Amino acid sequence: MLHIVVCDDETAFAENLTRKIEALPAFSPRSMRVCCLTAPEALPAQPCDLLFLDIDLGAVNGIDVARALRPTHPDTVLIFVTNYKEYAPEGYEVNAFRYLAKGELDDKLAAYFEDALAVCCARRQTVELVCGGEPVSVPVPALVYIESHGRDQHLHLQGAGRDHLVTHTTLAQLEELLAEQGFLRLHKSYLVNMAFLDTLQSAGARLTDGTLLPVSSRTYRASKQRFLAWKGRQIC
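All values derive from a computational prediction rather than experimental measurement. (Residues numbered from 1 in each chain as written. Predicted model: local features only at pLDDT ≥ 70, side-chain atom pairs only at ≥ 80, totals over all residues. Heavy atoms only, no water.)

Undergrad: It is not clear to me how the overall build of the protein chain should be interpreted in this structure. Could you clarify?
TA: Of regular secondary structure, the protein chain possesses six helices and 17 strands. Counting every position in the protein chain, which comprises 236 residues, the buried fraction comes to 43%. Across the protein chain, contacts joining residues at least 24 apart in sequence account for 53% of those joining residues at least 6 apart. Counting only carbon and sulfur atoms, one obtains 50% of the accessible surface of the protein chain, whose full area is about 12200 Å². (Helix = DSSP H or I, 4+ residues; strand = E, 2+ residues; numbered from the N terminus. Buried < 20%, exposed > 50% of the residue type's maximum accessible area, 1.4 Å probe, protein only. Contact = heavy atoms within 4.5 Å. Areas by Shrake-Rupley, 256 points an atom, 1.4 Å probe, with all protein chains shown as cover.)

So this is what it looks like as C-alpha cells:
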C-alpha cells in the first residue's frame with residue numbers, strides 16, 4: 001500500500017487537494033491511501049511515501065517541519081505545495097522533489113504525481129499490483145519471471161514469503177512497468193528478471209535455479225543484445 005499525506009493548515013484547501021489526487025488517472029484506490037492532515041505535529045507518526053506539504057503552516061514553517069521529519073522519513077518523496085517559491089533554495093536541504101504552486105494545481109498536479117509515483121516505486125523496489133482481487137506490493141528483487149496464461153499472468157518469486165501470485169494486469173503492461181528495472185521479454189508469454197537469467201541462447205533460456213524458458217526466435221538477437229548490455233552495466 002502506498003501512503004500519501006496532504007498536510008496544510010487550511011482545511012478546505014487540504015480537502016480539495018486530497019479530492020484532486022484521488023481523481024487523478026494514476027491514482028489507484030486499491031493500492032493507495034491519502035491521509036489529510038491540518039496539524040503538522042501528527043506527521044512523524046504517519047506512514048508516508050509521498051508528502052504534499054504546505055510551507056506556510058500558520059505559526060510553523062513547512063521547511064522546518066521537513067527538516068524535523070527527514071531523520072525518521074528519509075525516503076519520503078516531498079512536494080511543497082505553496083505560493084512562496086522564494087523558499088526553493090532551502091528545499092535542497094530537505095531533498096524536496098518538486099515545488100507546486102497552489103494556483104497551478106490543475107495544470108501540474110497530474111504530471112508531478114506521476115513523476116513522484118515513479119520515484120516511490122523505485123525507492124521501495126516494489127510494484128503495486130492487484131492479485132486475487134487484493135492490492136499487493138510485489139518486491140521486484142524477488143520477482144524471477146512472469147508467465148502468461150490467457151488473462152492470467154503468473155508471477156514466480158523467490159525469497160518473498162510466497163512463490164506464486166496471479167494478476168490480470170496484462171503482460172504488455174507489466175513489461176512497460178518493469179522495463180527500467182532489468183526485465184526482458186524473452187517470448188510472447190514470458191517476461192524475465194535478468195538478475196536471475198543464467199544463459200540465453202536461441203534454443204532457450206536457463207535461469208539460475210535451472211528453470212528453462214522458451215525464447216522467441218524472431219526477437220532473439222535483440223533480446224541477446226539487451227541482456228549483454230545489461231550484464232555489462234552490472235560489471236561497471
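Still to come is the rest of the account.
Undergrad: Whenever I open this one, the pairing of strand 13 (residues 183-187) confuses me. Can you help?
TA: Sheet faces and side chains relate simply in a regular strand, where the side chains alternate between the two faces. Pairing of strand 13 with strand 14 (residues 190-193) involves four bridges; the strand directions are antiparallel. Paired with leucine 184 across the strands is valine 192, a residue of strand 14. Connecting strand 13 to the next strand, strand 14, in antiparallel fashion are two residues. (Pairing = 2+ DSSP bridges.)

Undergrad: Which parts of the structure should I look at to understand the packing of aromatic side chains?
TA: The description of an aromatic ring pair uses the distance of the two centres, along with the angle that the planes make with each other. Inspection of every chain in the model, using the stated rule, returns two aromatic pairs. Ring geometry for phenylalanine 80 and tyrosine 99: centres 5.3 Å apart, planes at 35°, overall tilted. Of the two residues, phenylalanine 80 sits in strand 6 (residues 77-82) while tyrosine 99 sits in strand 7 (residues 96-101), which places them 19 residues apart along the sequence. Overall, the relative accessible area of 17% leaves tyrosine 99 in the buried class. It is arginine 98 that lies over the ring of phenylalanine 97; its NZ or CZ is 4.2 Å from the centre. (Phe/Tyr/Trp six-rings, centres within 6.5 Å; stacked < 30°, edge-to-face > 60°. Lys NZ or Arg CZ within 6 Å of the ring centre and 35° of its normal.)

Undergrad: Can you help me understand the pairing of strand 10 (residues 143-149) in this one?
TA: Within strand 10, six of the seven residues are buried, leaving the element largely enclosed by the surrounding structure. Bridging between strand 10 and strand 11 (residues 152-157) involves six bridges; their strand directions are antiparallel. Counterpart to serine 148 in the pairing with strand 11 is glutamine 153. Linkage of strand 10 to strand 11, two consecutive antiparallel strands, is achieved through a turn of two residues, within which glycine 150 is found at a positive phi near 65°. As defined by bridge partners, strand 10 adjoins strand 14 across three bridges and the pair is classed as antiparallel. Bridge pairing in strand 14 places tyrosine 145 opposite valine 192.

Undergrad: I tried to follow the pattern of salt bridges on my own but got confused; where do I start?
TA: Should their charged atoms come close, side chains of opposite charge can pair. The full count for this structure, using the stated rule, is seven salt bridges. Here aspartate 54 ties to lysine 102 by a salt bridge, and the two come within 3.5 Å at their closest N and O atoms. Taken together, the residues aspartate 54 in strand 3 (residues 50-54) and lysine 102 in the loop between strand 7 and helix 4 (105-124) connect sequence positions 48 residues apart. Exposure class is identical for aspartate 54 and lysine 102. Each is buried. Residues joined by salt bridges that share partners form a network here, namely Asp8, Asp54 and Lys102. (Salt bridge = Lys/Arg side-chain N within 4 Å of Asp/Glu carboxyl O.)

Undergrad: What exactly am I supposed to notice about the side chain of aspartate 54 here?
TA: Using a relative accessible area of 3% as the deciding quantity, one classes aspartate 54 as buried. Those residues in contact with aspartate 54, other than ones at most four positions away along the chain, are Cys7, Asp8, Asp9, Gly62, Val81, Thr82 and Lys102.

Undergrad: Honestly, helix 1 (residues 11-22) in this entry has me stumped. Any pointers?
TA: Residues spaced three or four apart along an α-helix face the same direction, because each turn holds 3.6 residues. In this model helix 1 runs 17 Å from its N-terminal to its C-terminal C-alpha over twelve residues, within 8% of the 16 Å that 1.5 Å per residue would give. All buried positions along helix 1 are accounted for by Phe13, Ala14, Leu17, Thr18 and Ile21. Down the axis of helix 1, the buried set is contained in an arc of 135°. They therefore lie on one face. (Expected span 1.5 Å × (residues − 1). Arc of directions from axis to C-beta.)

Undergrad: Hey, could you run me through the environment of leucine 171 in this one?
TA: The topology assignment puts leucine 171 in helix 5 (residues 171-178). Judged by relative accessible area, leucine 171 falls into the buried class, the value being 5%. Here leucine 171 is in contact with Ile146, Ser148, Gln153, Arg185, Lys188, Ser189, Tyr190 and Leu191, once residues within four sequence places are set aside.

Undergrad: What should I look at first to understand the nonpolar core in this one?
TA: Burial of nonpolar side chains together is a common tendency in soluble globular proteins. Ile4, Leu17, Ile21, Leu50, Phe52 and Phe113 are the most contacted members of the largest nonpolar core, which has 24 residues in total. Of all elements in the fold, only strand 1 (2-7), helix 1, strand 2 (32-37), strand 3, strand 6 and helix 4 reach the threshold of two or more residues within this core. Here this core takes seven residues from helix 4, the largest share from any one element. Apart from residues no more than four positions distant in its own chain, leucine 50 is found in contact with His3, Ile4, Val5, Thr76, Val77, Ile79, Phe113, Ala116 and Cys120. (Core = buried A, V, L, I, M, F, W, Y, C linked by side-chain atoms within 4.5 Å.)

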